[in-house]
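# Coordinates in review
Single-letter residue listing:
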Amino acid sequence: MTTGTRVEILDRTSCAAGAGDASGTGGSGAAAERSGLRVAALAAAVGVSPDTVRYYERAGLLHPPERTPTGYRVYGTAAVDRLRFIRGCQRLGLRLREIADLLAVRDTGVCPCEPAEQLLRRRIAEVDVELARLTALRAEMAEMAEKLPTAACPPPEPGRWCPPDGDGR
């Protein structure tokens with residue numbers, strides 16, 4: 001990416017401030033319990049379901065959080081930033097394994113802009129191919145719609161799109 005250009009997935013703080021708390025938990029022990037977020041609060045802060053948060057944890061995108069003595073997950077505030085990063089990547093069509101690769105770079109404290117640019121350029125090419133396929137499909141559907149008979153069409157025979165014309169076809 002060119003200098004100064006930002007992409008939503010890279011978040012405003014990911015490059016400027018480094019990776020931050022790589023653990024995603026943002027604290028330890030009693031301090032995390034007092035200042036941390038439980039699953040529902042974290043999910044609400046980002047606009048996802050608690051099940052999504054747990055899924056990202058199982059998939060390795062979120063680091064396992066600390067637990068309260070009663071077993072509740074407690075996430076640090078860095079987990080909000082991490083989830084926003086993940087969701088932004090998904091909005092751009094990146095796959096979870098690609099997002100995991102970007103997070104791995106980000107966790108080292110290095111800005112993930114360069115690998116993100118490569119992934120986005122590849123994704124743009126995939127979108128261009130899909131757009132071409134959909135454009136051709138639309139043209140085929142429009143042509144088929146134009147060839148459909150008028151409202152005076154008799155009922156079709158079973159297994160056929162349209163009834164046979166006057167020639168028996």
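Each value, and the rule that gives it
Residues numbered from 1 in each chain as written. Predicted model: local features only at pLDDT ≥ 70, side-chain atom pairs only at ≥ 80, totals over all residues. Heavy atoms only, no water. Core = buried A, V, L, I, M, F, W, Y, C linked by side-chain atoms within 4.5 Å. Buried < 20%, exposed > 50% of the residue type's maximum accessible area, 1.4 Å probe, protein only. Helix = DSSP H or I, 4+ residues; strand = E, 2+ residues; numbered from the N terminus. Contact = heavy atoms within 4.5 Å. Expected span 1.5 Å × (residues − 1). Axes fitted to C-alpha atoms, helices over the stretch in contact; angles between N-to-C directions. Parallel < 35°, antiparallel > 145°, perpendicular 65-115°, else oblique. Left-handed = near helix turned anticlockwise from the far one by under 90°. Nonpolar A, V, L, I, M, F, W, Y, C, P; charged D, E, K, R; others polar. Phe/Tyr/Trp six-rings, centres within 6.5 Å; stacked < 30°, edge-to-face > 60°. Lys NZ or Arg CZ within 6 Å of the ring centre and 35° of its normal. pLDDT = per-residue confidence, 0-100. Salt bridge = Lys/Arg side-chain N within 4 Å of Asp/Glu carboxyl O.

## Looking at the nonpolar core
Ranked by size, the top nonpolar core spans 22 residues in total, and within it L42, V53 and L83 carry the most contacts. Every element with two or more residues in this core is listed here: α3 (39–46), α4 (50–58), α5 (78–91), α6 (96–107) and α7 (113–147). Counting residues per element, this core draws most heavily on α5, at six residues. Beyond its immediate sequence surroundings of up to four residues, L83 is in contact with L42, V46, V53, Y56 and L62.

## Looking at α5
With 14 residues, α5 should cover 20 Å at 1.5 Å per step; its first-to-last C-alpha distance of 20 Å lies within 8% of that length. Those residues of α5 lying buried are A79, V80, D81, R82, L83, F85, I86, G88 and C89. Taken from the residues just after α5, G93 is the one with a positive phi, measuring 85°.

## Side note on the packing of α5 against α6
Running from amino to carboxyl end, α5 crosses α6 at an angle of 140°, the nearest separation of the two axes being 10 Å. When the axes of α5 and α6 are compared, the pair comes out oblique. Crossing of α5 against α6: the hand is right-handed. Residues D81, R82, F85, I86, C89 and Q90 of α5 touch α6, and the partners they reach there are L96, I99, L102, L103, R106 and D107. Its residues assigned to classes, the contact of α5 with α6 shows seven nonpolar, one polar and four charged.

## Quick look at the packing of aromatic side chains
This model, assessed by the stated rule, comprises one aromatic pair. Plain terms: the ring middles of Y55 and Y56 are 6.2 Å apart, the flat faces sit at 55° to each other, and that makes the pair tilted. For Y56, a relative accessible area of 2% gives the class buried. In this arrangement the basic side chain of R38 is found over the ring face of Y72, its NZ or CZ atom lying 4.4 Å from the centre. The cationic tip of R106 hangs over the ring face of F85; the distance from NZ or CZ to the ring centre is 4.5 Å.

## A closer look at the confidence of the model for the protein
Note that predicted coordinates carrying low pLDDT should not be read in detail. Scored by pLDDT, the protein comes out at a mean of 79, with 70% of its residues at no less than 70. For the protein, per-element mean pLDDT is lowest for helix α1 (residues 11–14), which scores 42, and highest for α4, which scores 96. In this model residues 1–33 is a low-confidence stretch, pLDDT under 50, and it forms 63 contacts with partners more than four residues away in sequence or in other chains.

## Observations regarding the pattern of salt bridges
One side chain can pair with another of opposite charge once the charged atoms of both are near each other. Per the stated rule, a full pass over the model turns up twelve salt bridges. We note a salt bridge from E57 to R73, for which the minimum N-O separation is 2.8 Å. Here E57, found in helix α4, pairs with R73, found in strand β2 (residues 73–74); they are 16 residues apart in sequence, far enough to count as distant. Accessibility expressed as a relative area gives 14% for E57, which makes it buried. Linking E126 and R123 is a salt bridge whose minimum nitrogen-to-oxygen distance equals 3.1 Å. Taken together, the positions of E126 and R123, both in helix α7 and three residues apart, correspond to about one turn of that helix. Judged by its relative accessible area of 28%, E126 falls in the partly exposed class. Through salt bridges with shared partners, a single ionic network connects R95, R97, E98, R122, R123 and E126.

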